[in-house]
Each structure stands twice: as structure tokens, then as C-alpha cells.
Amino acid sequence: MTMSDLELLAWLRGPGLQWSLIIFIAGLIFRVAENLALGRTPDLATPRSPVFAAGLATVWRRSLFHPGMSYRGYFTLIAGYTFHLGLLITLFFLSQHIVMFRAILGFGWPALPPSIIDFCTLLSIAALITILIHRITDPVVRSISDYQDYLAWLLTLLPLATGFLAMHPLGMAYIQALTLHLMSVEVLLIAIPFTKLSHMASIFISRWYNGALAGVRGVKA
Amino acid sequence: MTALAAKAINAFLEQIDAPTASFFTSCTHCGMCADACLFYTETQDPKYTPIHKLLPLRRIWQQEYTFWGWLMKTLGLSRKVSDEDLSQWEELVYDSCTLCGRCSLVCPMGNDITYMIRKMREGMVAAGHAPEGLKGAMVRAMETGSPMGVTLQTLKAQIVHAEQETGLKIPLDKSGAEFLMLLSSAEIAQFSEIIGAVARIFHQAGVSWTLSSKAFEATNTGIQIGAADLAAELVERIISAAESLQVKTVISPECGHAYVALRYEGPNLVGRPYPFKVMHIVEVLDQLRRENRLPIKDRETTRMTFHDPCQLVRRGGLEQPPRALLALVADNYVEMREHGIYNWCCGGGGGVSANERATPLRLKVFSRKKQQVDALGVTTIVTACSNCRNMLEDGLEHYHMDINVVGLTETLARHLDTTSTGA
Ligand code: SF4
Ligand code: SF4
């Protein structure tokens, strides 16, 4: 280990993380604002049901399984939920992460035992791999995928994989694994606003619009 | 490759509003919308995946409105939309989409894909890409008032016919009536029994109504092809007739697209709210039912089901009224497995029926409706849209199925107790 390795790690934990967080948050806000700024013409038709509430109801309803879903639908929702939940639990309940959140936010919360976190991380990684296989083998999904879908997949996988490596260094120095982990996290944070990963913010707006547009017509979308 | 003219690009850009940009931003390319679309399920061809039908619009949005897309375009790493692309997409945007709205109901991101296809058609028309069949219907609608070229003479002949059959006077241009009843060309030309049916029900219920010689056509080809200016003009004709006759309510006939055109799109097309109310005929009938003004003399014993017209139910919000009305007369009523807002389209909405080129595909994908109907063993399908009715008859004949298709209004009229002295 050389001094510059430590310097790099210090930079990644300090200004590197700070800047990527700033780009992530400001970028997402910008992305949403940019979409909203396009506006839409006010609807002059007399609505059948309260539009704002209809939008909110759809934000919730689209999180559920619904009748008439196909195999592809079940796969998408189950694999999607598994991946997202595994990721979020790992992100918010690993004790090392909570230390970092405490440093940023000024407060923390109880952590989950490492074995549970390990399980969640591996589950999340397994879900991602299944999703990739599905993307390549399913004729519909493959035909509508572009390079961004694969790029986004890789950018999402790396922090999980390197994080797991940092917790279980296999022939690799902890410092190096941690460095890779921080790098991949920061690249991901910066990429989110510029790629389809910004769906993490726009999903709520899209669902609301869908519900509101249907709400004018008295339809529970 | 002919790069798209700036004018055409602008026509597409004009269509991109906050919901559209948000929908494109959210799409994760999961493919769930494919299973909602009968053009995909019945062909298993991935090109019919709903979101794929929007690829040119999406690419224009990406290149013009997102940093990443702009960068890629500037570096020459992403291809611009060409005129050839649009020729190729014409089939996807028009022939294989009935604007049925089913995809918009299932997208986990909440994308209203149908809303965007409707918008994309505006850009397609501006760029000079619309099917000949629809263009012809558009010209006829502007020139004769009817997309099928049905004239006032034909209507008058049908009125005389209905008057002889019912012994009732059918009011035409009666100023001060409460309701102005519109019709669809298909009704005037093929299902004219509707005129007598409405006359008998309204007479029995004591409803004051009229037809108009200035505006008898309710359908709006401008919306189906994607020409907002022409669509607005068609709506203006109805507004002006309704205003000059001073009616309180305009009734959309048994036609799904006509209803959505008039009820939800119309005020936005002309840029002002109406001075009158718009109701679909099934809403009016349901109101009469609730007021006990719809006396019934006997009931139907044949096994029947209801085909939900997409625009009436999934895109119109009228799932309950037809069912409440059918409950008055149907003893042996069954629902299709997917019904209400989840119903499958007849395959001919959104201008597909006027687009002759699309007929083979339309008949192929009717297999979805066939399966739904086969599972029930019904002898009669009731519906409340003359276009659905036409498409159902056509599809059933194509698949050699011996099933009756009837309109809801006439079904009720057939069982109306005309001896009742009212509520
Ligand atoms: S279902 Fe929605 S998110 Fe999935 S591919 Fe279709 S439009 Fe995109
Ligand atoms: S609106 Fe209906 S026909 Fe059109 S793409 Fe969606 S599901 Fe298919």
C-alpha cells in the first residue's frame, strides 16, 4: 500500500462523495424540473372525479400486482422488487453505511446483522443477473432494449459487487476493495440523472399523470 | 436515408409535453406493455410492443430534449429519425394501434402510452405519413360531414322509415329541446333501427329531444388520424348546432370514439368549455332507469354478454351504466373473464376500421375476442358502440361463429313497456 492509495481513498470519501452526491441530487431535481417545465395545456373537460387524488391513487396502485398479468409481468415485478428491496436494505442498514449517513445527516439508526445484509446483497445481485438474462433471452425485452439498458445494469451491479467484496476481501486488500466500491458508487450517483436510472424520481410523476389523466374520465387507472 | 425536415421535427416536438417527457424518462424497457396489447399477444411479434410504436418520437425527444441524447447526436453516435423510419412506423402507429388504452393501464411506471400514440399521430400527419384509408375518411368528413359519406338525404330517409315503423314523430331541428341526439354514420347507414329505438324510449319517458340537420355526425376522424385543427372544426360544427338549437345536453350515440372526442377532447380542441353538457346515450338511459322512467315489459332469456367498448369504459369511465341497464332485461347474463376496464378491444378502434389496408391484421388479432367469447358459450353479444358492433360482426363471420351482435339501446327498446303510464 502506498501513500497515494490512501490519498485516493480519502478523496473518494471526502470531496469525491460530496460532489457526486451534489450532482446526483441537483441532477435529479433538474431532470424532473426540466420535464415539468414543458407543461401541458389545462384540461377544459369537466372532470368526473377529483383529479389530484386520482393521480395519487395511481401512484400507489401501480405498485401492486394486478389481474391479467402475464408471465413477463410476474417476472418483472418479482425480480424488480427483489432487486430494489435487497439494494435498499443493504444501502440503509449496513452498519458501515449508517456511520456514513450519521456523518452526513447528523443522526443514525440501528443496523441489521451482517449476515442479513449479506443475504440481501446476494439476493439483489442474483436478481440483477436474472434480469440481465431475461433482457437478453426474452424476445420482447431484447428488442426494445438499447445500450443504455445494459450500461445502467452494469453501473448498478458494480457498487453491490464491490461492496460485497469489501466486506469479504477475497485475496484483495480491504483498502483496494473499498476504493473500488466508492468509485463505483460515485460513478453511479453521477450517472443516475443522465440515464434511464432517473426513473427513480420520474416514476412518481409518470404515475401521477397517468392517474390524473384517467381521473378526468372517472377511470381508476 | 432522408433526414426529417426541420418542420416535421418541430411538429413532433410540439407534441412533447410534461407527461410525455416524464413517461419517456421513466420507461425501463420492461416489456410489460406488450402483453396488454392484442396486436402483440395475437401475433407474438415484438414489433407490436406498445412502447416500440413510439420509438421515433422517443428518439426525437431524447436528441432534442435530453443532455445525453443531445451529446450523442452531436458526436454523431446516434442516428437521426429519417423519413424512411416514419414510413416504416406508419403501420405501427395506425394499423396496429386502436388507441384502446390497455397498455396504459398496465405499465408499472405509469406511462400512458396511448396518450403518446395519439400525440405521435399528430406528428405523423404533419410529416405526411397517414394511411390512405383514413385520409379518405377525413376528406369525406370535412366535405360531407360524414366519414362514410352519409348525407342528410340518407338520414331523412331513415327518419321517415323510423316514423312509419314507430308511428312517432322524430324531431329534426326542434329548437329549445332538452337533448340534441347525435348519430354515427354506421348507425345511419347500417343500424338505423337505433333511431326508432331512441324515439320510442324517449317518447315513453317524456324526454324532449331533437336531431339536427346541421350536425348529425358524432364521430371525429380528425382525432383518429391526428389532425387537431380538423378535429376542432368537426367539434365546432356540433357546438354551433347545439347553440343554435339551445339544447341543454348533447348526446353521444353508441360510439366510443365519438364520445371521447366530444366529452373529453372536444373542449380542449376548441379551447373553451361548452355551454352544454355531454352525455353518452347509455348515461342518459341509466339516468332514466334511476328515475323509473324506463318501464320494462319482459326479459331476455338467451345467454348474453357485454362487450365493453374501450373508449366508453377504459377511456371513458362508463363501466357501470351498461351493466345496470342490462340487469333490467337480461336473465342469463355472463361476463367475459377480462371485462370492464380490462376488456380486450374489438380490434377496429382508433381509425383501424377506416383503414382498409389493416383489415387482414385486424381479423387476425380478433382471435383474442374469439377466445373470450368461446369461453362463455353465449348466443348474443350486446355492445354500445356501432363501430365495435361492425367489427364484432365482421370478426365473428371471419371465424365462422354464429353469434348475434346487438346494440344496448335497441335491446332496451325491444323490452320497453309502452303501455306503462309512467313513474
Ligand atoms: S410497460 Fe412501461 S416501462 Fe415497461 S416497456 Fe412498456 S412503457 Fe416501458
Ligand atoms: S392502445 Fe391498445 S392497441 Fe394501442 S398499443 Fe396500447 S394496447 Fe396496443
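Residues numbered from 1 in each chain as written. Chains lettered and ligands numbered in written order. Predicted model: local features only at pLDDT ≥ 70, side-chain atom pairs only at ≥ 80, totals over all residues. Heavy atoms only, no water.

(A) Region of the structure containing the overall build of chain A. Within chain A one finds nine helices and zero strands. Moving toward the C terminus, one meets the helices and strands of chain A in the order α-α-α-α-α-α-α-α-α. Expressed as a percentage of its 221 residues, the buried residues of chain A come to 44%. Carbon and sulfur atoms form 77% of the exposed surface of chain A, whose accessible area is close to 11600 Å². (Helix = DSSP H or I, 4+ residues; strand = E, 2+ residues; numbered from the N terminus. Buried < 20%, exposed > 50% of the residue type's maximum accessible area, 1.4 Å probe, protein only. Areas by Shrake-Rupley, 256 points an atom, 1.4 Å probe, with all protein chains shown as cover.)

(B) Fine view of the nonpolar core. All names here are of chain B. Counting residues in hydrophobic clusters, the biggest one holds 77 residues, and the most contacted among them are Leu4, Phe12, Leu54 and Met120. Look past the residues within four positions of methionine 120 in its chain and what remains in contact with it is Phe12, Lys53, Leu54, Pro56, Leu57, Trp89 and Val93. Of all hydrophobic cores here, the second largest spans 59 residues; its members include Leu105, Phe202, Ile251 and Tyr259. (Core = buried A, V, L, I, M, F, W, Y, C linked by side-chain atoms within 4.5 Å. Contact = heavy atoms within 4.5 Å.)

(C) Molecular detail of the sheet that holds strand E7 (residues 380-383) of chain B. All names here are of chain B. An order of E6-E5-E7-E8 is seen for the four strands of this open sheet, with the pairing classed as parallel. The open sheet has two edge strands, strand E6 (330-333) and strand E8 (404-407), and neither has a second partner. With direction set aside, neighbouring strand axes in the sheet form an average angle of 45°. Its contacts with the sheet put helix H20 (residues 386-398) on strand E5 (300-307), E7 and E8, and the angle it makes with E8 is roughly 175°. (Pairing = 2+ DSSP bridges. Axes fitted to C-alpha atoms, helices over the stretch in contact; angles between N-to-C directions.)

(D) Geometry of the domain arrangement of chain B. Residues and elements named next belong to chain B. Domain boundaries assigned for chain B yield domain 1 (3-129), domain 2 (133-289) and domain 3 (293-414). The C-alpha-based centres of domain 1 and domain 3 are spaced at 30 Å. Between domain 1 and domain 3, the contact holds 26 residues from the first and 24 residues from the second. Surface buried jointly by domain 1 and domain 3 totals about 1900 Å² across both partners, of which 56% is contributed by carbon and sulfur atoms. (Domains from an automatic or database assignment. Buried area = accessible area lost by both parts, 1.4 Å probe.)

(E) Representation of the interface of chain B and chain A. Counting residues at the interface gives 57 residues for chain B, matched by 52 residues for chain A. A buried area of about 4400 Å², summed over both sides, lies between chain B and chain A, and 57% of it is on carbon and sulfur atoms. Contact with chain A buries area across many residues of chain B, yet Thr25, His29 and Trp68 of chain B alone supply 14% of it, more than any other trio. Viewed at the interface, chain A and chain B are joined by two salt bridges. Close ionic contact of arginine 48 of chain A with glutamate 283 of chain B constitutes a salt bridge, the shortest N to O distance being 3.1 Å. Here chain B is connected to chain A by 28 residue pairs in polar contact (both at pLDDT 80 or more). (Salt bridge = Lys/Arg side-chain N within 4 Å of Asp/Glu carboxyl O. Polar contact = N/O pair within 3.5 Å; in protein donor to acceptor, adjacent residues only side chain to side chain.)

(F) Region of interest: the packing of helix H2 (residues 18-26) of chain B against helix H8 (residues 113-126) of chain B. All names here are of chain B. Relative to each other, H2 and H8 sit at 120°, their axes nearing to 10 Å. In terms of their interaxial angle, H2 and H8 are classed as oblique. As for how H2 packs across H8, the hand of that crossing is left-handed. Contacts from Pro19, Thr20, Phe23 and Phe24 in H2 reach Tyr115, Met116 and Lys119 in H8. (Parallel < 35°, antiparallel > 145°, perpendicular 65-115°, else oblique. Left-handed = near helix turned anticlockwise from the far one by under 90°.)

(G) Layout of a nonpolar patch on the surface. On the surface, Leu88, Leu91, Phe92, Phe93, Leu112 and Ile116 of chain A cluster together into a nonpolar patch covering about 440 Å² of accessible area. In terms of residue count, the dominant contributor to the nonpolar patch is helix H3 (residues 71-93) of chain A (four residues). (Patch = residues over 30% accessible without salt bridge, like charges linked within 9 Å, V, L, I, M, F, W, Y side chains within 5 Å.)

(H) Quick peek at helix H1 (residues 6-15) of chain B. Turning to H1 of chain B, its buried residues number three or more, namely Ala8, Ile9, Ala11, Phe12, Leu13 and Gln15 of chain B. Turning to H1 of chain B, the residues buried within the fold contact H2, helix H4 (55-65), helix H6 (83-95) and H8 of chain B.

(I) Broad picture of the sheet that holds strand E1 (residues 179-181) of chain B. Residue and element names in this part refer to chain B. Read across the sheet, four strands follow the order E2-E1-E3-E4 without closing on themselves; strand pairing throughout is parallel. Strands with a single pairing partner mark the edges of an open sheet, and in this sheet they are strand E2 (209-210) and strand E4 (277-280). Examined bridge by bridge, E1 and strand E3 (residues 249-252) share three bridges and lie parallel to one another. Residue pairing for E3: leucine 180 is matched across the bridge by valine 250.

(J) Representation of H2 of chain B. Where burial is concerned, most of H2 of chain B is hidden: nine out of the nine residues are buried. Within H2 of chain B the residues assigned to the buried category are Ala18, Pro19, Thr20, Ala21, Ser22, Phe23, Phe24, Thr25 and Ser26 of chain B.

(K) Broad picture of the environment of proline 131 of chain B. Residues and elements named next belong to chain B. Along the chain, proline 131 falls in the loop between H8 and helix H9 (132-144). You can call proline 131 buried: its relative accessible area is 0%. The spatial distance from the C-alpha of proline 131 to the C-alpha of glutamate 163 is 39 Å, given a sequence separation of 32 residues. Excluding anything up to four places from it in sequence, proline 131 contacts Glu90, Tyr94, Asp95, Asn355 and Arg357.

(L) Representation of the pairing of E5 of chain B in the model. Residues and elements named next belong to chain B. Sheet topology note: the E5/E6 ladder contains three bridges and is parallel. Across the sheet, glutamate 300 pairs through a bridge with alanine 330, a residue of E6. Viewed along the sheet, the connection from E5 through helix H17 (residues 320-329) into E6 turns out right-handed. Here four bridges tie E5 to E7, and the two strands are oriented parallel to one another. Paired with histidine 307 across the strands is threonine 383, a residue of E7. (Right-handed = clockwise from strand over helix to strand, strands pointing away.)

(M) Inspection of unusual backbone geometry at higher detail. Residues and elements named next belong to chain B. Non-glycine residue glutamine 246 carries a positive phi angle of around 55°. Inspection of the secondary structure assignment puts glutamine 246 in the loop between helix H14 (228-245) and E3. The residue asparagine 292 is not glycine, and still its phi comes out positive at about 55°. In this structure, asparagine 292 sits in the loop between helix H16 (281-290) and E5. By relative accessible area, which is 58% here, asparagine 292 ends up exposed.

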